[in-house]
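This is what each chain is made of:
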Amino acid sequence: MKKVLFICFAILATSCQGQNTNSEAKKEVKTNVVVHEEYSGVEPTKPEATEFYEPVVPKVNPKNDKGVPSDAIVLFNGSNLDNWISAKDSTEAKWHLNEDGSMTVKDKFGDIQTKQNFGDVQLHIEWRSPAEVQRDGQNRANSGVFLSGIYEVQVLDNNDNATYVNGQVASIYKQHTPLAMASVASGEWNIYDIVYHAPEFNAEGLKIKSGTLTVMHNGILVQDHVEIKGTTPYIGWPKNPAHGKGPLRLQDHGDNSRVSYRNIWVREL
Ligand code: MG
């Protein structure tokens with residue numbers, strides 16, 4: 001009997017000890033919340049102490065003119081190609097201007113780029129591959145949107161058209177596979193909404209902070225603030241040449257891609 005009582009007591013003691021440890025752990029978690037370095041000193045006890053009224057947030061009309069935000073720079077609205085030049089020799093951008101307010105890659109003309117240079121931007125751009133498909137893989141309606149003129153967000157007709165996943169539609173070419181394949185049918189308009197933060201370089205030309213890209217493809221998050229590892233070449237490693245602001249460039253893949261673009265605007269960040 002004595003032995004049984006002793007065992008019961010031992011079990012009870014162990015169980016109580018466990019409860020103590022748990023409650024102490026909970027207490028530890030509660031009191032050990034790390035506060036951001038921005039906040040120091042004695043914690044305020046009144047709500048007004050943590051409410052700010054300045055600087056006043058700028059007002060933006062999101063649907064100002066034809067759906068373009070009031071603070072955006074319109075780069076292409078269908079009327080002309082005045083904001084664009086040949087990326088090769090800075091001459092007039094002679095891509096096809098279509099009656100429906102779009103432009104189409106002029107085969108073998110080469111890439112075109114904006115006259116204006118940009119740093120960090122929010123970019124809206126719509127693109128369409130031809131309804132009548134030609135060829136396969138990387139040769140089916142291949143184009144691209146290059147931030148700072150050198151970092152490509154891939155444009156490709158991937159519908160029933162497999163290719164390497166880090167080079168498929170909405171990839172950061174050969175660096176980041178998209179999280180989803182969100183294309184509409186061939187011949188319909190796709191939308192890219194891109195947030196680009198340019199890399200930073202020191203006075204010696206060394207990269208001190210990587211750039212980042214976030215891409216929404218038809219409203220679907222496909223690149224989630226990914227690190228830009230460098231340029232996006234077809235062959236070889238990404239490189240990191242120092243640069244400041246740069247143009248937005250659109251690709252002529254050189255194989256009669258017939259990709260069209262419309263409604264292009266940026267908001268400088
Ligand atoms: Mg491309």
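Our subject is the structure that appears above.
For every chain, the first residue of the written sequence is number 1, and numbering continues from 1 onward in sequence order. It should be noted that, the model being predicted, local features are given only for residues of pLDDT at least 70 and side-chain atom pairs only at 80 or more, the latter also being counted only at that level, while totals for whole chains, interfaces and linings use all residues. Side-chain figures throughout are based on the complete set of non-hydrogen atoms in the structure, without hydrogens or water.

1. What about the coordination of the magnesium ion?
- The magnesium ion binds to the protein through Asn 142 (OD1), Ser 143 (O), Glu 152 (OE), Gln 154 (OE1) and Gln 251 (OE1), with metal-donor distances spanning 2.2 to 2.3 Å.
- When a residue's accessible area, from a 1.4 Å probe over protein chains only, is under 20% of the maximum for its type it is buried; when over 50% it is exposed; and in between it is partly exposed. In this structure Glu 152 comes out as buried when scored by relative accessible area, which is 3%. In this analysis a donor is any N, O or S atom within 2.8 Å of a metal ion (3.2 Å for sodium, potassium and calcium), and since water is not included, sites may seem incomplete.

2. So, the packing of aromatic side chains
- When two rings of Phe, Tyr or Trp (its six-membered ring) have centres within 6.5 Å they constitute a pair, described as stacked for plane angles under 30 degrees, edge-to-face for angles over 60, and tilted for the intermediate range. Overall, the coordinates contain four aromatic pairs when judged by the stated rule.
- Considering the side-chain rings of Tyr 151 and Tyr 196, the 6.3 Å spacing of their centres and the 45° angle between planes classify their relative orientation as tilted. Taken together, the residues span a long stretch of sequence, with Tyr 151 in strand 8 (residues 151-155) and Tyr 196 in strand 9 (residues 189-197) at a distance of 45 residues. One exposure class covers both Tyr 151 and Tyr 196, and it is buried. Put simply, DSSP H or I for four residues or longer makes a helix, DSSP E for two residues or longer makes a strand, and each gets a number counted from the N terminus.

3. Regarding the pairing of strand 15 (residues 260-268)
- Think of it this way: DSSP has to see at least two bridges between two strands before they count as a pair. Pairing between strand 1 (residues 73-76) and strand 15: three bridges, direction antiparallel. Residue pairing across strands places Phe 76 opposite Ile 264, the latter belonging to strand 15.
- As judged from the two bridges shared by strand 4 (residues 103-104) and strand 15, these two strands associate in the antiparallel manner. From the neighbouring strand, Met 103 faces strand 15, where its bridge partner is Tyr 261.

Function cannot be inferred from these measures alone, as they are strictly geometric.
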